[in-house]
Amino acid sequence: MLEYIAGSVPVEPLAITVKDEVGNPRSLSAYTGAAVLIIGPDGVTRTGGTAAISNAAEGQVTYTWPNTVVFDVPGDYRLRLKLTKGAAADYTAEQKIIVRPGLEV
């Protein structure tokens, strides 16, 4: 589970490891692209940023956040990877992201 503060614009890329049903890294060598899908607590999809398969053999994807606020309201967000090859796509299980209110006014 990930946790962020509402209004933050993350600077460090997010490293994601796709795992198989027993928890081992899943090879992503069959895929040529990746995208990150983020849905906010209001049901709206947040867009931007770039995802790339950074180590296919170890199931690793690196997501570089956009330069805009993704977590605009506190609440539970959902993140899912879309792995692609041509017109075909597979989706990973959702990852929960908790976004807490900030202390600044």
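In this report, the structure presented in the accompanying data block is examined.

Rules used in this analysis
- Residues numbered from 1 in each chain as written.
- Predicted model: local features only at pLDDT ≥ 70, side-chain atom pairs only at ≥ 80, totals over all residues.
- Heavy atoms only, no water.
- Pairing = 2+ DSSP bridges.
- Helix = DSSP H or I, 4+ residues; strand = E, 2+ residues; numbered from the N terminus.
- Axes fitted to C-alpha atoms, helices over the stretch in contact; angles between N-to-C directions.
- Polar contact = N/O pair within 3.5 Å; in protein donor to acceptor, adjacent residues only side chain to side chain.
- Contact = heavy atoms within 4.5 Å.
- Salt bridge = Lys/Arg side-chain N within 4 Å of Asp/Glu carboxyl O.
- Buried < 20%, exposed > 50% of the residue type's maximum accessible area, 1.4 Å probe, protein only.
- Phe/Tyr/Trp six-rings, centres within 6.5 Å; stacked < 30°, edge-to-face > 60°.

What follows covers the sheet that holds strand β6 (residues 60-64). Spatially, the three strands line up as an open sheet ordered β2-β6-β5, and their pairing is antiparallel. Only two strands of the sheet have a single neighbouring strand rather than two, namely β2 (14-17) and β5 (50-55). Between one strand and the next, the sheet's axes are offset by a mean angle of 25 degrees, whatever the strand orientation. Here β5 pairs with β6 via five bridges, running antiparallel. Within β6, the position partnered with Asn55 by the bridge is Gln60.

On to the side chain of Thr92, then. Within the secondary structure layout, Thr92 lies in the loop between β8 (88-91) and β9 (95-100). Within the structure, the side chain of Thr92 is placed 3.0 Å from the backbone nitrogen of Leu81, a separation counted as a polar contact. Ignoring anything within four residues of it in the chain, the contact list for Thr92 reads Val18, Arg80, Leu81 and Leu83.

With seven bridges joining them, strand β3 (residues 33-39) and strand β7 (residues 75-85) adopt antiparallel strand pairing. Across the sheet, the residue bridging to Gly33 is Thr84, located in β7. Examined bridge by bridge, β7 and β8 share four bridges and lie antiparallel to one another. When the sheet's bridge partners are listed, Leu83 is paired in β8 with Asp90. Taking the residues between adjacent antiparallel strands as the criterion, β7 and β8 are bridged by two residues, where Gly86 takes a positive phi near 60 degrees.

A few words now on the pattern of salt bridges. On inspection of all chains with the given rule, the structure shows six salt bridges. We note a salt bridge from Lys96 to Asp76, for which the minimum N-O separation is 3.6 Å. Of this pair, Lys96 sits in strand β9 while Asp76 is found in strand β7, placing the two residues 20 residues apart along the sequence. Across the salt bridge formed by Arg78 and Glu94, the nearest N and O atoms sit 3.1 Å from each other. Of the two residues, Arg78 is situated in strand β7 and Glu94 in the loop between β8 and β9; the sequence distance between them amounts to 16 residues. The partly exposed category is assigned to Arg78, whose relative accessible area is 37%. Glu94 gets classed as partly exposed once you look at its relative accessible area, which sits at 40%. Here the salt bridges share partners, and the residues they tie into one network are Asp42, Arg46 and Asp72.

Moving on to the packing of aromatic side chains. Evaluated as defined, the whole model comprises five aromatic pairs. Arranged with centres 4.9 Å apart and planes meeting at 20 degrees, the rings of Tyr4 and Phe71 form a pair that is stacked. Of this pair, Tyr4 sits in strand β1 (residues 2-5) while Phe71 sits in the loop between β6 and β7; the two residues are 67 residues apart in sequence, bridging distant segments of the chain. Each of the two residues, Tyr4 as well as Phe71, counts as buried. On the accessibility criterion, Phe71 (0% relative accessible area) is buried. Clustering of aromatic rings is evident, with ring pairs tying together Tyr4, Tyr63, Trp65, Phe71 and Tyr77.

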